[in-house]
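Report on the structure
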Amino acid sequence: MPRLHDYQQVLVTGGAGFLGSHLCDRLLASGVTVVCLDNFFTGNRRNVEQLFDHPRFELIRHDVTFPIHLEVDEIYNLACAASPIHYQFDPVQTTKSSVHGAINMLGLAKRTRAKILQASTSEVYGDPEVHPQREDYWGRVNPIGPRSCYDEGKRCAETLFFDYHRQHKLQIKVARIFNTYGPRMHPNDGRVVSNFIRQALHNEPITVYGDGSQTRSFCYVSDMIDALESLMQSSDDFIGPVNLGNPSEFTIAELARKVIDLTGSRSYLVYHPLPQDDPLQRRPDITLARSTLDWQPKVPLDEGLRHTIAYFDELLTTRARGASSL
Ligand SMILES: NC(=O)c1ccc[n+]([C@@H]2O[C@H](COP(=O)([O-])OP(=O)(O)OC[C@H]3O[C@@H](n4cnc5c(N)ncnc54)[C@H](O)[C@@H]3O)[C@@H](O)[C@H]2O)c1
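Quick caveat, the model's predicted, so the values are computed rather than measured.

It is worth spelling out the site of the ligand at this point. Around the ligand sit 30 residues in total, of which L19, D38, T42, Y150 and K154 are the nearest. At a separation of 2.6 Å, an oxygen atom of the ligand approaches a polar side-chain atom of Y150. A distance of 2.8 Å is found between an oxygen atom of the ligand and a backbone nitrogen or oxygen belonging to T180. Contact with the protein chains hides 97% of the accessible area of the ligand, taken as 820 Å² for the molecule alone. Mapped onto the shell around the ligand, the elements with two or more residues apiece are α1 (18-29), α3 (91-112), β5 (115-121) and α4 (148-168). With 3 residues, the single largest contributor to the shell around the ligand is β5. Across the shell around the ligand, the residue classes break down as 14 nonpolar, 12 polar and 4 charged.

Our focus in this paragraph is the nonpolar core. Residues Y76, L228, L244 and L305 are the most contacted members of the largest nonpolar core, which totals 59 residues. Sequence-distant contacts of L244, that is, excluding residues within four places in its chain, are made with A175, R176, I177, F178, M224, A227, L228, A289, L293 and W295. By size, the runner-up hydrophobic cluster in this structure holds 27 residues, among which are I68, V72, F161 and Y164.

This paragraph deals with the sheet that holds strand β1 (residues 9-13). The 7 strands are arranged β3-β2-β1-β4-β5-β6-β11 in an open sheet whose pairing can be described as parallel. The open sheet has two free edges, formed respectively by β3 (57-61) and β11 (242-244), since each of these has just one partner strand. Across the sheet, the mean angle separating the axes of adjacent strands is 20° when strand polarity is ignored. Strand direction decides the pairing type here: strand β6 (residues 172-177) and β11, joined by 3 bridges, are parallel. The residue bridging R176 from the neighbouring strand is N243, located in β11. Against the sheet, α3 engages β1, β4 (74-77) and β5, with an angle of about 175° to β4. Along the sheet, α4 makes contact with β5 and β6, crossing β5 at roughly 155°.

The next point concerns empty space enclosed by the protein. Summary: where empty space remains is shown by rolling a probe the size of a single water molecule over the atoms. The tally for this structure, following the rule as stated, stands at 1 cavity of 30 Å³ or more. Approximately 30 Å³ is the volume attributed to the largest cavity. Residue lining of the largest cavity: N77, A79, C80, S97, S98, Q118 and K154, and that is the complete set. Partitioning the lining of the largest cavity into residue classes produces 2 nonpolar, 4 polar and 1 charged.

The full count for this structure, using the stated rule, is 14 salt bridges. The salt bridge partner of R140 is D127, with a shortest N-O separation of 3.6 Å. Taken together, the residues R140 in the loop between β5 and α4 and D127 in the loop between β5 and α4 connect sequence positions 13 residues apart. With relative accessibility at 44%, the residue R140 sits in the partly exposed group. Between D189 and R191 there is a salt bridge; the shortest N-O distance is 3.0 Å.

End to end, α3 covers 31 Å across 22 residues, agreeing with the expected 32 Å (1.5 Å per residue, within 8%). Approximately 30° is the largest bend angle found in α3, and it occurs at S97. T94, S97, S98, V99, G101, A102, N104, M105, L106, L108, A109 and T112 are the residues of α3 that are buried. Residues of α3 that are buried in the fold lie against β1, β4, α2 (84-87), β5 and α4.

Here the residue pair H131 and P132 is connected by a cis peptide bond, since its omega of -15° sits within 30 degrees of zero. You can see P132 is positioned in the loop between β5 and α4. A cis amide bond, omega 0°, links G240 with the succeeding residue P241. Looking at the element boundaries, P241 is found in the loop between α6 (221-233) and β11. A positive phi angle, near 80°, is found at R184, a position not held by glycine. Checked against the element boundaries, R184 lands in the loop between β7 (180-181) and α5 (192-201). Of note in the backbone geometry, D294 takes a positive phi value of approximately 55° without being a glycine.

Let us look at the side chain of Q118. Tracing the backbone shows Q118 in strand β5. Here the side chain of Q118 touches N77 through a polar contact of 2.9 Å, side chain to side chain. Those residues in contact with Q118 that sit more than four places away from it in its chain are N77, K154, A157, F161, K173, V174 and A175.

Rules and cut-offs
- Every chain begins its residue count from 1, and numbering advances along the sequence as written.
- Residue-level local features of this predicted model are given only where pLDDT is at least 70; pairs of side-chain atoms are given and counted only at 80 or more, and the full residue set underlies all totals for whole chains, interfaces and linings.
- To obtain the side-chain values, all non-hydrogen atoms of the structure were used and water was disregarded.
- For this purpose, a residue is taken to be near a molecule or strand whenever a single non-hydrogen atom of the residue falls within 4 Å of it.
- Under this definition, polar contacts are N or O atom pairs within 3.5 Å; protein pairs additionally need one hydrogen-donor-capable and one acceptor-capable atom, and for neighbouring residues in sequence, both atoms have to be side-chain atoms.
- Per-residue and other accessible areas were derived by the Shrake-Rupley procedure at a 1.4 Å probe size, with only the shown protein chains allowed to occlude residues.
- Secondary structure elements follow DSSP: runs of H or I no shorter than four residues count as helices, runs of E no shorter than two count as strands, and numbering proceeds from the N terminus.
- By the convention adopted, Pro, Cys, Tyr, Trp, Phe, Met, Ile, Leu, Val and Ala count as nonpolar, Lys, Arg, Asp and Glu as charged, and the other residues, Gly among them, as polar.
- Note on terminology: a nonpolar core comprises buried Ala, Val, Leu, Ile, Met, Phe, Trp, Tyr and Cys residues joined through side-chain atoms within 4.5 Å.
- Categorising residues by exposure relies on relative accessible area from a 1.4 Å probe, with only protein chains included: less than 20% of the type maximum marks a residue as buried, more than 50% marks it as exposed, and the intermediate range marks it as partly exposed.
- The contact definition used throughout considers only heavy atoms, calling two residues in contact when any of these lie within 4.5 Å.
- Pairing between strands requires that DSSP locate at least two bridges from one strand to the other.
- Helix axes are fitted only over the stretch in contact, all axes being lines through C-alpha atoms; the angle between N-to-C directions runs from 0 to 180 degrees.
- The pocket and cavity definitions rest on a 1 Å grid over protein atoms only: a 1.4 Å probe that fits but cannot leave marks a cavity, an open set with protein on both sides within 12 Å along at least five of seven lines marks a pocket, and residues lining either have an atom within 4 Å of a point.
- Grid points are joined across faces, edges and corners, and a volume is the space filled by probe spheres set on the points.
- Salt bridge, as used here: a side-chain nitrogen of Lys or Arg that lies within 4 Å of a carboxyl oxygen of Asp or Glu.
- One less than the residue count of a helix, multiplied by 1.5 Å, gives the span that helix is expected to have.
- Two axes enter the bend calculation: one fitted to the seven residues ending at the residue in question, the other to the seven starting there, and the bend is the angle between them.

Structural measurements only, silent on function.
This is the structure:
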């Protein structure tokens, strides 16, 4: 894949988060200069500490809801809490991070003529009536529910990206990311993979919402970073939105059993009512990504879970020893 040069600056907002930190690793390895911007709401310096001594890495504490002046050639806009526990903690700030954040980063892209990629989400489809979801499906989103700050914020950000493209001729790329997991996920983000692994490692009961028959698709982080990089490098006339995720579908109960097996845990399943607006099925149609980006996920669920379990095991052991502030 053709890459940029070390004098080219790539900004990653939300760069100290789960996906952002892996993206920073990857971009540095490809030879560019990386500016990682984060307000550390859900991200952590620890996720990028391996990069502190790198001569082409810079870390800035900043909130994207405020404008910033930088000279950049590419922007990956990832800044936004991604898990319900975190984005519902301060819903107004969540909408601001998506909407004001998009306006500020698009403004920066307009001034510098940088190419800009938006980390959008499968949540723009809401609780869909069609399965799997293709990019031309407009979604079924509740505009006033507890998840709306995230879903509608991301939808509005997509609107802004497309309007800046039409009105100001900005080079944009919009990725609709589906469930992604892997090392550096926040251990207390309440998401299903981290919850199950944490509970299994502690031999606690595994909490399944509903009857466990709802399905999810899980994409391993390295596959997602491949996709984001290819999208950024794709031809100028391809702007998305494009679904990125792993189309293999698993029920939540299947995932729970896999985690129990791979951790050798004594945990058992306990069932709780489904939260409001929780979709029953979520699976990407990645036909477009396959044909335009020549991309598809490679890492099987068992392998990805093994890496993630190893990461959580070490993190939780360190925490138990009191050597970490996590
Ligand atoms: N991981 C997934 O499964 C998934 C799925 C769909 C979409 N996404 C999107 O990908 C992006 C990254 O998600 P993630 O899973 O790495 O989550 P994350 O919470 O680990 O990363 C988000 C990062 O953004 C930072 N942030 C939040 N608000 C900010 C603000 N106002 N200013 C500056 N920084 C801010 C956080 O501190 C964090 O480092 C998000 O935009 C998310 O919506 C992720």
